[in-house]
Each structure stands twice: as C-alpha cells, then as structure tokens.
Amino acid sequence: MNRDFLIVDGVTKRFGGLQALGGGGGLSFTVPRGTFLGLIGPNGAGKSTTFNIISGVLKPNTGAVYLDGQNLSETRTPEIAAHGLGRTFQTPRAFPSLSILENVIVGADSAGERLGAVLSGRWRRDEPKLKEKAVAALERVGLGNRTAESVASLSGGELRMLEVARQLVRDPKILLLDEPTAGVDPSLQGRLSDILVRLHENGTTLIVVEHNLHFLLRIADSIVVLQNGELLAQGSPQAIRSDERVVAAYLGNDHAA
Amino acid sequence: MNFEALLVAVLTFGCLFSVLTLSLNLQYARGGMINFGTVAYFAVGAYAYAIVTQEPPSGLDQYLIGLNGPWWLGFLVAGAGAAGFAILTGWPTLRLRGEYLALTTFAFAEVLHSFLLNERGIGNGSVGLANVERPGISWADVPDSYVFAAAALLLMLATIIVYRRILASPYGRAMDAVRDDEMAAEAVGKDVARMRFEVFVISAVPIGFAGALYAMITTLVSPDLFTAEVTFFVWIALVLGGERTMLGAVLGTIVLVTFQEVVRGIPFETVRSAQIAASVEHMLTGAIFVIILRWQIFERISIARSQPA
C-alpha cells in the first residue's frame with residue numbers, strides 16, 4: 001500500500017508575534033510509508049517547530065497532522081507515542097536517576113506500568129525479555145559495555161545515541177530524529193547511519209532534521225527544504241542538490257557550480 | 001516518667017505518622033508532587049471512620065449521619081474516603097506544577113477544615129465527635145494501648161510493602177522517568193497525567209487508614225486535631241529523615257514523635273518553669289534540626305542501609 005502515511009496539512013504556528021510556520025497559507029507536505037525523509041533548512045526555518053507539531057509537543061494554530069489517518073493534532077503526546085511515533089530531541093534528554101540500561105528499558109511499554117499488574121506481580125516474566133532487547137539496542141548504538149553506568153558519565157554525543165537506543169526498543173513505525181549527528185564523533189556517526197539505513201530497509205518511516213548535509217544526502221531518499229516557515233522544495237537528494245532556489249537559499253552560492 | 005508508656009506512645013504515633021510521611025515520600029520524592037494538604041486525607045479517614053461506626057444521632061447531637069457499622073467497615077470506608085477525596089482534589093489540580101500544586105492542596109485542606117468546623121451536620125462542628133467507637137478486640141490481659149501500637153506497626157509495614165512493590169516494578173521506573181523529564185517520558189508513551197493521578201490517589205489510601213486508626217486511639221475527632229500543623233509535622237519529618245529512602249522517612253518521623261512525647265512527659269512544678277521549658281523547647285528543636293540537616297544523619301544511615309556496597 002502506497003498511500004501517504006504522514007500528512008502535514010496546512011499547518012501554521014505563531015509564537016506571540018512571530019509567525020514561526022506557514023505564513024503564506026500553511027505548511028503542507030506528505031510522507032509516504034517507508035520513506036527516509038530529510039528535513040533541512042537554515043536556522044529559524046521552522047524545522048524543530050515542524051518536528052514538535054508532528055510529535056504532538058506543540059499544537060498547530062491552524063491545520064492538522066495525520067498519521068495513518070489519525071489526527072495527531074487532537075491526540076495527546078503519550079498516545080501519539082503509543083501509535084508508533086518515536087522521536088529524539090534537539091537537546092538530548094536522559095533520565096538522570098536511572099542507569100543507562102534503565103534509561104533504555106523505560107522506553108518499552110511494559111505491562112508493569114499498569115497498577116493492576118504491579119500489585120499482582122505479573123510483570124516479572126516480561127522483564128528479562130525487555131532487558132535483553134535493551135542490551136541489544138545499546139550494543140547497536142555502541143554503548144553495550146556501559147549498561148550499569150550512570151548517564152552522567154555519557155558525553156553529549158553518547159546521550160544522543162542513548163536516546164536512539166531508547167526509541168529502538170519501541171520498534172516505532174515512524175521515527176523522528178532531531179539533529180542526530182550534532183556532537184557525535186565520526187565513528188559513532190557511521191554507526192548511526194548504519195542503524196538508520198537498516199531501519200529504512202525494514203520499512204520504518206524516518207524523518208531526520210540535520211545540518212550535516214553530507215550525512216543526510218547520502219542516506220535519505222527524499223528531502224523537504226524549509227525556509228522562513230514555508231516549504232521551499234521537496235524531492236530526491238539529487239533534485240535538491242541541483243535545485244537553484246535551494247542552493248541559493250541554503251547551501252550558499254559557492255555550491256552552485 | 002513512665003518509660004514503658006513513653007515507648008508505647010512513640011511506637012504507636014511514630015508508626016502511625018510514618019504512614020503519612022511514607023505517602024508524602026512517594027508523592028514528592030518519587031512522584032514529584034508537592035502535597036501541602038496531607039492532613040485533609042488524614043481527616044477524611046478519621047471522620048469517615050467515626051461516621052460509619054457511631055450510633056445514629058440522639059439528644060443534643062447535631063450530626064446527621066451515624067451508621068452504627070462494624071469497626072472494620074469504618075476502617076475500609078476511611079481508606080476509600082481518602083482515595084475519593086484525592087480523586088476530587090487531584091482531578092482539577094494535578095496539572096499544576098511545583099509550588100502551585102503546594103498552594104492548591106494547602107487551600108483544599110484549609111477549606112475542608114473550615115467546612116468541618118462550620119458544618120455541624122458532619123461531625124458536630126467545632127465540638128467534634130467524642131466517644132468514637134473502638135474495635136472490641138481484647139486478647140486476654142493485653143492492654144488496648146499495646147494492641148493499637150501493634151496495629152500502627154502493621155499498618156506501617158503494609159504501607160512499606162505495597163510502596164516497595166510499586167517502586168521496584170516498571171511502574172516505579174516510569175515514575176522516576178516522569179519526575180526526571182516529563183517531555184522525554186511522554187515521547188516514549190508514558191502518560192504523565194495518568195501516572196501522577198494514580199500515585200496521588202493510591203498514596204491517599206494508607207493516609208485514610210491511618211486517620212481511622214488515629215480516631216480509634218484518641219476516640220475523638222474534631223477539627224482542632226486536623227490543622228495544617230499535622231501537614232507541617234510530616235513534612236518536617238520527611239526533611240529530617242531525608243527524602244531519598246523510605247527508611248529515612250520512618251526514622252525522621254520516629255525521632256520527631258519521640259522528641260514530642262519526651263517533652264510532653266516532663267513534669268513541671270510551676271507554671272513559670274513550664275513557660276521557660278516551652279521557650280527552651282523551640283530553641284532546642286531548632287538546634288536539633290540544624291544538627292540533623294547539617295550532617296544529614298538519617299539520610300546517611302538509610303542510604304548506607306539500602307546500598308550495601
């Protein structure tokens with residue numbers, strides 16, 4: 001089935017007097033199922049706002065976002081996550097009172113998060129499975145030997161990878177990553193791109209906001225370019241690379257040749 | 001001073017108020033909610049017990065309802081009543097953060113106090129309900145005070161076991177995540193509003209039970225017994241013991257209760273000496289607080305106990 005999985009439909013967002021998104025009639029674009037979409041644009045273009053609206057942290061002033069037919073703009077954040085949408089944050093967020101392993105396990109929806117199951121102790125038999133899955137996710141992001149440590153021992157780049165691992169245990173249908181390579185060293189970046197390519201092959205829809213265009217243009221199969229809260233262009237990486245408006249607005253004139 | 005009586009009193013009230021401190025510890029240290037209305041749930045439990053067990057009104061009584069029910073029914077209704085009051089007060093307020101929640105819960109407790117004081121149909125207004133029924137349990141020669149001390153100890157242990165079970169489960173892990181970072185917790189599907197509400201309501205139940213037990217022990221419920229002082233008392237106990245462990249909450253409460261009972265037990269010959277002692281008590285209390293908090297005595301003990309490494 002090839003219908004559009006994620007639909008951003010005429011979304012506008014104001015912060016006080018600032019029109020952050022969709023000044024001219026609202027931002028609209030669609031993302032077919034299984035796409036690896038790169039979301040790029042200069043600072044202030046509205047990438048993170050778009051991201052926060054899709055994941056439900058912000059609600060649009062007008063317009064709506066639909067995931068698989070569900071109107072996300074009328075859905076609470078935890079329910080959006082339960083519908084299979086995962087995200088990371090521009091500033092990595094960890095849970096300092098939990099160990100690295102627990103930081104990842106907590107990503108999974110355990111039966112033991114229901115009070116009834118807690119008091120009857122029914123959650124115990126699921127726990128080893130979750131732990132195994134979390135360890136596997138940590139190994140994939142290169143933190144396999146740090147499971148017992150405190151998150152305070154992680155660098156900024158490692159914290160980003162921890163967030164990715166926390167999402168991996170959820171098996172999201174659509175994963176949104178906000179600047180996943182910022183502060184991540186080259187070897188971990190390679191690992192990250194392997195993970196993303198693998199997820200893409202397995203049919204996960206990916207939306208990645210990124211300033212590192214070399215990273216993104218190599219692995220994404222579709223690019224959306226934002227400028228001043230509006231859609232500037234959408235197309236394949238090759239088309240975007242040669243789109244003159246994009247090159248002028250974002251990549252700079254020296255790339256035009 | 002009668003040492004045995006002191007010991008029994010410390011055990012009874014130490015365990016009884018520990019239930020409140022433990023609940024506060026769950027709400028605040030793990031759930032991230034500041035509840036400054038603890039006394040309200042305690043009062044609801046006590047009044048619920050009294051109303052269920054007392055005889056129907058007669059003579060000069062101004063209260064309207066007396067069900068003359070058995071003590072265990074009163075006890076159960078006390079827990080349910082406190083949970084009900086938590087639902088009523090938690091529903092509109094738990095979206096509030098930090099100090100705003102503190103102010104609102106404090107206001108709720110004051111409103112309840114005022115209501116009980118002025119609405120005579122509930123519990124005779126300011127007079128209160130005297131002769132609250134005690135359960136007719138008597139084991140041979142064991143005095144009532146021992147039975148109540150044992151009951152308080154049991155209630156405290158049961159509370160600890162239930163809270164432990166919650167905290168050691170994935171639920172406790174998710175609670176920690178929610179307290180650390182709500183936005184990140186919601187991004188992995190944790191329903192922050194639901195969890196906060198559940199913790200708030202669940203932790204009110206033992207407070208209600210403690211209220212019922214308190215009513216049995218004192219055989220009196222009146223608005224005077226349920227002022228904001230009770231809330232501050234358990235908060236101070238929590239601060240003294242350190243908020244990080246359950247053992248700390250219990251130690252802080254027991255020390256505070258011991259101190260109160262010892263001071264209460266000192267006999268004075270003259271009014272003047274009692275006045276001097278009263279002012280010295282304030283200074284002494286302050287000095288003890290400073291010492292305990294400066295070196296975090298109980299927090300160290302309880303953390304050393306919980307992490308044998």
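Residues numbered from 1 in each chain as written. Chains lettered and ligands numbered in written order. Predicted model: local features only at pLDDT ≥ 70, side-chain atom pairs only at ≥ 80, totals over all residues.

Thoughts on the overall build of chain A
Then comes step 1: When its secondary structure is counted, chain A shows 10 helices and 11 strands.
Then comes step 2: Taking 257 residues into account, the globule formula puts the C-alpha radius of gyration at 18 Å, and chain A, at 19 Å, falls close to it.
Then comes step 3: Its C-alpha atoms give chain A principal-axis dimensions of about 60 × 40 × 40 Å.
Then comes step 4: Within chain A, counting contacts between residues at least 6 apart in sequence, those at least 24 apart form 66% of the total. (Helix = DSSP H or I, 4+ residues; strand = E, 2+ residues; numbered from the N terminus. Rg over C-alpha atoms; globule rule 2.2 N^0.38 Å. Contact = placed C-beta atoms within 7 Å.)

Section: the interface of chain A and chain B
Interfaces are frequently sized by the accessible area removed from exposure as the parts join.
Then comes step 1: Contacts between the two partners involve 26 residues from chain A and, on the opposite side, 21 residues from chain B.
Then comes step 2: Broken down by element, the side of chain A that touches chain B gets its largest block of residues, 4 residues, from helix α2 (residues 77-82) of chain A.
Then comes step 3: By residue class, the composition of the side of chain A that touches chain B is 13 nonpolar, 6 polar and 7 charged. (Nonpolar A, V, L, I, M, F, W, Y, C, P; charged D, E, K, R; others polar.)

Observations regarding the domain arrangement of chain A
All names here are of chain A.
Then comes step 1: The domains assigned to chain A are domain 1 (4-94 + 157-255) and domain 2 (98-153).
Then comes step 2: On a C-alpha basis, the centroid separation for the pair domain 1 and domain 2 is 27 Å.
Then comes step 3: In this complex, domain 1 contributes 14 residues to the contact, which on the side of domain 2 involves 14 residues.
Then comes step 4: Looking at the side of domain 1 that touches domain 2, the elements with two or more residues in it are α6 (156-168) and α7 (186-201).
Then comes step 5: Per-class residue counts for the side of domain 1 that touches domain 2 are 9 nonpolar, 1 polar and 4 charged. (Domains from an automatic or database assignment.)

Some remarks on the sheet that holds strand β9 (residues 205-209) of chain A
Residue and element names in this part refer to chain A.
Then comes step 1: Pairing is mixed across the open sheet formed by 6 strands, whose spatial order is β7-β8-β9-β4-β10-β11. Edge positions in the open sheet fall to β7 (85-87) and β11 (230-235), since each of these has one partner strand only. Neighbour-to-neighbour, the strand axes of the sheet open up by a mean angle of 15°, direction not taken into account.
Then comes step 2: In terms of strand pairing, strand β10 (residues 222-227) meets β11 through 5 bridges, oriented antiparallel. Considered in β11, the bridge of Q227 is made with E230. (Pairing = 2+ DSSP bridges. Axes fitted to C-alpha atoms, helices over the stretch in contact; angles between N-to-C directions.)

Structural notes on helix α10 (residues 204-218) of chain B
Residue and element names in this part refer to chain B.
Then comes step 1: Counted at 1.5 Å a residue, the expected span for α10 with its 15 residues is 21 Å, and the 21 Å between its end C-alpha atoms agrees.
Then comes step 2: Of all the 15 residues making up α10, 14 are buried; the element is thus mostly covered by neighbouring parts of the structure.
Then comes step 3: After α10 finishes, the residue T219 shows a positive phi value of roughly 55°. (Expected span 1.5 Å × (residues − 1). Buried ≥ 20, exposed ≤ 12 C-beta atoms within 10 Å, placed from the backbone.)

Comments concerning the packing of helix α2 (residues 38-53) of chain B against helix α4 (residues 98-118) of chain B
Residue and element names in this part refer to chain B.
Then comes step 1: Running from N to C, α2 and α4 point in directions that differ by 35°, and their axes come no closer than 8 Å. Residue-level contacts link V39, A40, A43 and Y47 of α2 to F108, A109, L112 and L116 of α4.
Then comes step 2: Looking at the contact of α2 with α4 residue by residue, the classes come out as 8 nonpolar, no polar and no charged.

So, the environment of A137(A)
Residue and element names in this part refer to chain A.
Then comes step 1: Tracing the chain through its elements places A137 in helix α5 (residues 127-140).
Then comes step 2: For A137 and V164, which are 27 residues apart along the polypeptide, the C-alpha to C-alpha distance reads 8.5 Å.
Then comes step 3: Once residues lying within four places of it in the same chain are set aside, the contact partners of A137 are V104, A165, L168 and V169.

Description of α4(B)
All names here are of chain B.
Then comes step 1: The end-to-end C-alpha distance of α4 is 31 Å, a good match for the 30 Å that 21 residues give at a rise of 1.5 Å each.
Then comes step 2: Among the residues of α4, L101, T105, F108, A109, L112 and L116 are the ones counted as buried. Taken down its axis, α4 places every buried residue within 95° of arc, on the same side. Seen from the open side of α4, the exposed residues pointing more than 90 degrees away from its buried face are E99, Y100, S114 and N118.
Then comes step 3: Buried residues along α4 sit in contact with α2, α3 (71-93), α5 (120-123) and α11 (228-241). (Arc of directions from axis to C-beta.)

Thoughts on the packing of helix α7 (residues 170-180) of chain B against helix α9 (residues 192-202) of chain B
All names here are of chain B.
Then comes step 1: Contact geometry for α7 and α9: axes closest at 11 Å, N-to-C directions at 115°. Here α7 lies roughly perpendicular to α9, going by the angle between them. Note that α7 runs across α9; the crossing there is left-handed. Judged by residue contacts, A174, M175 and V178 of α7 engage V192, M195 and V199 from α9.
Then comes step 2: Tallied by class, residues from the contact of α7 with α9 come to 6 nonpolar, no polar and no charged. (Parallel < 35°, antiparallel > 145°, perpendicular 65-115°, else oblique. Left-handed = near helix turned anticlockwise from the far one by under 90°.)

As for the pairing of β9(A)
All names here are of chain A.
Then comes step 1: In terms of residue burial, β9 counts as a mostly covered element, since 5 of its 5 residues are buried.
Then comes step 2: By the alternation rule, side chains of β9 split into T205, I207 and V209 and L206 and V208, which are all buried.
Then comes step 3: In this structure, strand β4 (residues 36-40) lies alongside β9, joined through 4 bridges in parallel fashion. Pairing of G38 across the sheet is with V208, part of β9.
Then comes step 4: As judged from the 5 bridges shared by strand β8 (residues 174-178) and β9, these two strands associate in the parallel manner. Residue pairing for β9: D178 is matched across the bridge by V209.
Then comes step 5: Chirality of the crossover, the property in question, places the unit of β8, α7 and β9 among those that are right-handed. (Right-handed = clockwise from strand over helix to strand, strands pointing away.)

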